[in-house]
Amino acid sequence: MSKEVLEAKQQIIDEISDKIKNSQSTIVAEYRGLNVAEMTELRRALRAENVGFKIYKNKLVQRALDDANMSELDAYMTGPNALAFGHEDAVAPARVLADFAKKHPNLQIKAGYVEGKFLPQEDVMAVAKLPNRDGMYSMLLSCLKEPVAKVARAVKAVADAKEEGKIPEAVVEVESEAAETVAE
């Protein structure tokens, strides 16, 4: 093999290695049986979630995986494979690929790395069921919001009862002493 060919291959290996190291997740999927229109549809869906998707020669990917200390994926590098790289959302590649595979059974998710941890196919499918980052934030905020809302409703109920004169003076005095203590 000529020196130029070897240098070109090494550049591709370095490119793959960089993509793997700089992404939050890398998923290997076999695309055997997908036609051009389906591949275009898949690429659009992945691009919409800011997920990189690239087809490389398996041997070059295996060398890059060894460079990135992710050799567990070597065993999955048979057949026509593509790599999906999650740059902003670690779950996005798994989620988009799993959604696409439901409609197009020719796409087979094999395995992947999510945030530095190797995941076999079953675990990748489990990760795919997680909501995206915005969904997680929304769930967290709703969990935090409810206790605050309960306290606010209780304080409002006490204030309303106080205005209507339904609270005994002893409770009002204790309440005002507590407010003074907090103010200090």
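No experiment lies behind these values; they were computed from the predicted model shown.

1. As for unusual backbone geometry
(1) Moving on: With a phi close to 60°, N69 is a non-glycine residue in the positive phi region.
(2) Moving on: Mapping N69 onto the fold places it in the loop between α3 (58-67) and β3 (81-86).
(3) Moving on: With relative accessibility at 66%, the residue N69 sits in the exposed group.
(4) Moving on: Positive phi is not limited to glycine here, since E115 has a value of about 50°.
(5) Moving on: Among the secondary structure elements, E115 is positioned in the loop between β4 (108-114) and β5 (117-120).

2. Some thoughts on the nonpolar core
(1) Moving on: I27, L42, L46, F53, L97 and L107 are the most contacted members of the largest nonpolar core, which totals 26 residues.
(2) Moving on: Mapped by element, the contributors of at least two residues to this core are β1 (25-30), α2 (36-48), β2 (51-54), β3, α4 (92-103), β4 and α5 (121-128).
(3) Moving on: With 7 residues, the single largest contributor to this core is α4.
(4) Moving on: Once residues within four sequence positions are removed from consideration, L42 is found in contact with F53, L97, F100 and L107.
(5) Moving on: Listed in part, the 17 residues of the second largest apolar core include A64, A68, L73 and F85.

3. Observations regarding the packing of α4 against α5
(1) Moving on: At a minimum axis separation of 8 Å, α4 and α5 run at an interaxial angle of 95°. It follows that α4 is roughly perpendicular to α5 by the angle criterion. Where α4 abuts α5, its residues A94, R95 and A98 lie against V124, M125, V127 and A128.
(2) Moving on: A per-class count over the contact of α4 with α5 returns 6 nonpolar, no polar and 1 charged.

What counts and how
Residues numbered from 1 in each chain as written. Predicted model: local features only at pLDDT ≥ 70, side-chain atom pairs only at ≥ 80, totals over all residues. Heavy atoms only, no water. Helix = DSSP H or I, 4+ residues; strand = E, 2+ residues; numbered from the N terminus. Buried < 20%, exposed > 50% of the residue type's maximum accessible area, 1.4 Å probe, protein only. Core = buried A, V, L, I, M, F, W, Y, C linked by side-chain atoms within 4.5 Å. Contact = heavy atoms within 4.5 Å. Axes fitted to C-alpha atoms, helices over the stretch in contact; angles between N-to-C directions. Parallel < 35°, antiparallel > 145°, perpendicular 65-115°, else oblique. Nonpolar A, V, L, I, M, F, W, Y, C, P; charged D, E, K, R; others polar.

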